[in-house]
Amino acid sequence: MVQVRLADAGDLYMTWTWTRVAQGFGTGHAPFEEVAQAVRALTAALPGAGEGAEGMRRAFASGAMAAYEAERRLARVLAEALWPPGLTEQIRHVSERAGRPLVRIQPSPRVAQVPWEGLAVEDDDDGSGGDVRLIDLADVVTTAPASLRRPGAATRPAPDAEAEAVVLVLDPRVPGFRADSPLGSVLGPPGADPALLSLVQRRLDAGTVVPPVATPAEAFRRTDLDRDWLGGVLRKGARRLMYVGHVSGAPVESGQSEDGTLHLCCGPGTDGLTDVIRTHRPLSAKDLLLGTLPLRADGVPGAQLWPAPARVALIACESGGDLRFAESFGLASAMIHNGAELVTATRWVLPTSLAFHRLADVPEPVRPLTEAVIAVDTAHEHRDPVHRLGVWQREQLDRWRTGGRIEHSPLLWAAMTCIVR
């Protein structure tokens with residue numbers, strides 16, 4: 001395993017340290033302007049937060065991740081600016097002798113959106129081949145800031161007999177927002193996607209699913225999954241939490257990562273630390289961290305109200321965006337603070353399957369977001385979720401290389417990252 005840490009100090013500085021089967025360390029340095037140019041190129045390829053359909057349309061029509069050769073050039077630009085060739089040589093050396101290593105990357109805020117897995121760490125300049133990405137050589141995980149601390153075990157409720165439950169929050173209805181509105185459905189009509197129904201059925205067959213449902217279709221677009229319900233089921237104990245829906249990230253320029261919000265079924269009368277939007281009060285990272293302490297004298301900290309299970313998936317736009325802030329107190333960090341050992345989140349705005357259909361002419365039976373949800377669910381059931389998610393990402397990369405079809409673009413699969421302490 002190699003731990004890679006990056007720091008912004010005008011220029012970008014990197015250190016790395018090998019542990020376990022290999023020993024050693026190294027340093028790297030990238031000039032400010034080279035990093036800035038690479039980050040600008042990446043930003044131009046992504047659908048920006050707040051841009052809505054226009055941003056997604058641009059990403060599909062002219063963004064660098066819409067075509068293989070353009071994406072490969074971008075991957076090379078990022079690697080040349082951000083990744084030392086000497087570290088690649090060490091990774092290959094370790095891989096040949098001890099098997100695929102684990103690369104733990106602690107990014108600086110400036111490069112937090114970089115899809116490290118897709119960096120073209122080896123590439124022939126003449127385009128004749130040799131497109132080797134970092135994920136071809138290693139498993140890759142993101143580490144949360146070292147300053148992040150979790151509360152002691154004594155502050156977290158002990159799980160009861162339902163501790164093996166899998167909590168599924170799948171496309172909940174946000175009060176005041178129609179299915180075709182900005183906070184509407186991300187997965188489509190309940191029961192319309194056989195693959196998603198099969199996912200829920202597999203969980204039902206394997207054990208306890210919360211909320212309890214008689215049929216898989218009942219797990220989608222529910223109206224009763226608010227913060228009080230979520231806190232109740234988490235305090236009983238759960239093995240996993242999977243959320244698929246909407247996240248509203250805080251603007252980076254605000255410096256307030258704790259203002260990032262998760263959208264459940266919470267109505268306007270719900271207690272919380274965010275303003276009501278129409279008839280809905282979002283659940284913020286600040287809520288998850290502080291709980292009701294700021295609201296009343298007998299308030300309870302967030303880690304007691306919403307104790308996170310060991311594995312959490314937040315499949316929503318920029319759910320891991322708090323790493324872009326100098327002080328990372330967003331949703332992914334809050335889940336780790338509240339007890340999660342691993343959080344799978346996203347680096348940027350995710351395209352829905354409907355967006356692929358309408359904006360990229362992908363056939364309707366093909367549902368790329370569904371495939372991503374299934375891949376994350378499968379990974380979180382595996383003994384090594386980072387490796388298992390990497391297997392899916394490598395499969396998508398191979399399809400992207402050979403076919404160049406937009407549904408296999410890193411625009412979707414490279415947005416996913418596993419975040420650990």
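As the structure is a prediction and not an experimental result, all values here were calculated from the model.

Undergrad: For this particular structure, what's the right way to read the nonpolar core?
TA: As a rule of thumb, soluble globular proteins bury nonpolar side chains together. Grouped together as the largest cluster of nonpolar side chains are 87 residues, with contacts concentrated most on Val4, Trp83, Trp116 and Ile315. Residues contacting Trp83, with those up to four places away along its chain left out, are Val4, Met14, Leu78, Thr88, Ile91, Val103, Ile105, Trp116, Leu119, Val121 and Leu134.

Undergrad: Quick question: what am I supposed to make of the pairing of strand 10 (residues 240-244) here?
TA: In terms of residue burial, strand 10 counts as a mostly covered element, since five of its five residues are buried. In this sheet, strand 10 lies alongside strand 8 (residues 166-170) in parallel orientation, the contact comprising five bridges. Paired with Val167 across the two strands is Leu241, which belongs to strand 10. When strand 10 meets strand 14 (residues 311-315), the two strands line up parallel, connected through five bridges. Bridging from a neighbouring strand, Tyr243 pairs with Leu314 of strand 14.

Undergrad: Can you help me understand the sheet that holds strand 14 in this one?
TA: The pairing of strands in a sheet comes from backbone hydrogen bonds and takes either a parallel or an antiparallel form. If you trace the 11 strands from one edge of the open sheet to the other, you get 3-2-1-4-7-16-15-14-10-8-9, paired in mixed fashion. Of all the strands in the sheet, just strand 3 (24-30) and strand 9 (209-210) have a single pairing partner and so form its edges. Running over the sheet, helix 6 (residues 194-206) touches strand 8, strand 9 and strand 10 and is turned about 160° from strand 8.

Undergrad: Before we go on, may I ask you to explain the pattern of salt bridges in this structure?
TA: Proximity of charged atoms lets side chains of opposite charge pair with each other. Enumeration over the complete set of coordinates arrives at 29 salt bridges. Residues Glu71 and Arg133 are paired through a salt bridge, measuring 2.8 Å at the closest nitrogen-oxygen approach. Of this pair, Glu71 sits in helix 3 (residues 68-82) while Arg133 sits in strand 6 (residues 132-133); the two residues are 62 residues apart in sequence, bridging distant segments of the chain. Residue Glu71 shares its accessibility class with Arg133, and that shared class is buried. A salt bridge links Glu164 to Arg239; the nearest nitrogen and oxygen atoms lie 3.4 Å apart.

Undergrad: Can you walk me through the pairing of strand 3 in this structure?
TA: When strand 2 (residues 11-18) meets strand 3, the two strands line up antiparallel, connected through seven bridges. Bridge pairing links Thr17 to Phe25 in strand 3.

Cut-offs and rules
- Residues numbered from 1 in each chain as written.
- Predicted model: local features only at pLDDT ≥ 70, side-chain atom pairs only at ≥ 80, totals over all residues.
- Heavy atoms only, no water.
- Core = buried A, V, L, I, M, F, W, Y, C linked by side-chain atoms within 4.5 Å.
- Buried < 20%, exposed > 50% of the residue type's maximum accessible area, 1.4 Å probe, protein only.
- Contact = heavy atoms within 4.5 Å.
- Helix = DSSP H or I, 4+ residues; strand = E, 2+ residues; numbered from the N terminus.
- Pairing = 2+ DSSP bridges.
- Axes fitted to C-alpha atoms, helices over the stretch in contact; angles between N-to-C directions.
- Salt bridge = Lys/Arg side-chain N within 4 Å of Asp/Glu carboxyl O.

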